Amino acid sequence: MIQFQSFIRRIAGAAAIACAAVAAHAAPLNVTLLGTGSPVPSNVRFSQSILVEAGKDKLLFDLGRGVTIRLAQLNIPFRDVTASFLTHFHSDHLVGLPDLWLTGWLPTPFASRTTPMKIYGPKGTVAMTRNLTAAFAEDIRTRIDDEKLPPAGIAFDAHDIDAGVVYENAGVKVSAFATHHGDLIEYNFGYVIEYDGKKVVISSDTTYDERIAAMAKGADLLIHEVADIDPGLLKAYPRFKEIAAHHTTPEEAGKIFSKARPKVAAYTHIITLKANAPLDVPPTEIVARTRKTYDGPLAVGEDLMRFEIDGGKVEVLDARKEKVKLDAGVDRAGSIGE
């Protein structure tokens, strides 16, 4: 009898371990860069937006130009976005908001939102959503009257936030922290997303700020902005100095990566400005400049690049869902081990 009970306990223990393994495997944290550019009008790099998929939640961080197009390319209905988070109020992080809000309400397979759009952001977010509602009041009125669309689907559930935990749901936690994007930009937040022991940090637009490194300690993925501006432009056009003063050079970002040591560091909001060149130029020198201060795994983000975080590893896929070979520290193409 004792032997039988021992056998049962061993079977139960093995089953529990197997179930735990299945549960762990069933809870990946996936991140897709929807837009990796800047205010520069580009059909290759839309402006800022990042999709984080954790459990059943689909979270958007910033709503830049083309966010609806990128979601459509991923076959994600706009109604499935659980919540959106704003880092700050620069237009390249916001111009996609009216599109996602209004288009997401239309009675189509790719939209059909029937509940309020949940959005979190710095002080002023609630006022902005009220003003948007006033600006599009006639469109809203006619669609309710003509198409009988549900009023709840065009409402906002908006929240002005401070630093700290701003969102928790089903094991997903989002925390905001202050970063420095300029002396006159009082409210500017980076975000930490945590789920099932996994951690992603988004810097927002920022100058060199060691608070980002502190928040990203032990992160699976640190997504950081970068600006590569030709010194010749800085001399010839003083206004470019103002742009440079609000952003992080590759060397400075490398220092942040070296302090944080995430499993993978990745660039987004990529600003590349060269003398005697078109506005939309490839970021060909960013990796070499970053390597002066950082020697770990690095991805130069592209629109629709995807990071799959699971089982202690980060796999990086391009828009064609092919594995990306990172610049350093890779144990196999596109996969970073513990």
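Predicted, not measured: the structure shown is a model, and the values here were computed from it.

Procedures and definitions
- Residues numbered from 1 in each chain as written.
- Predicted model: local features only at pLDDT ≥ 70, side-chain atom pairs only at ≥ 80, totals over all residues.
- Heavy atoms only, no water.
- Helix = DSSP H or I, 4+ residues; strand = E, 2+ residues; numbered from the N terminus.
- Buried < 20%, exposed > 50% of the residue type's maximum accessible area, 1.4 Å probe, protein only.
- Contact = heavy atoms within 4.5 Å.
- Areas by Shrake-Rupley, 256 points an atom, 1.4 Å probe, with all protein chains shown as cover.
- Core = buried A, V, L, I, M, F, W, Y, C linked by side-chain atoms within 4.5 Å.
- pLDDT = per-residue confidence, 0-100.
- Polar contact = N/O pair within 3.5 Å; in protein donor to acceptor, adjacent residues only side chain to side chain.

### Considering the overall build of the protein
When you go through the protein residue by residue, the secondary structure sums to ten helices and 16 strands. Taking all 338 residues of the protein together, the buried fraction comes to 50%. Within the protein, counting contacts between residues at least 6 apart in sequence, those at least 24 apart form 63% of the total. Summed over all atoms, the accessible surface of the protein reaches about 15,700 Å², with 57% contributed by carbon and sulfur.

### Here we look at the nonpolar core
One finds Phe61, Phe85, Tyr191 and Phe307 to be the most contacted residues of the largest nonpolar core, which totals 36 residues. Once residues within four sequence positions are removed from consideration, Phe61 is found in contact with Ser49, Ile50, Val52, Phe85, Val174, Tyr191, Ile193 and Ile202. In terms of nonpolar packing, the next biggest core, distinct from the first, is built from 27 residues, Leu63, Met117, Leu149 and Phe156 among them.

### Remarks on the confidence of the model for the protein
Looking at the protein as a whole, the pLDDT averages 90, with 89% of positions reaching at least 70. Contacts for the low-pLDDT stretch residues 14-24, under 50 throughout, to residues beyond four places or in other chains number three contacts. Scored below 50 in pLDDT, residues 329-338 shows 32 contacts in the model against residues more than four places distant or in partner chains.

### Details of the side chain of Asp220
Considering the arrangement of structural elements, one finds Asp220 in the loop between α6 (210-215) and β11 (221-229). Within the structure, Asp220 has its side chain in polar contact with the backbone nitrogen of Lys199 (distance 2.9 Å).

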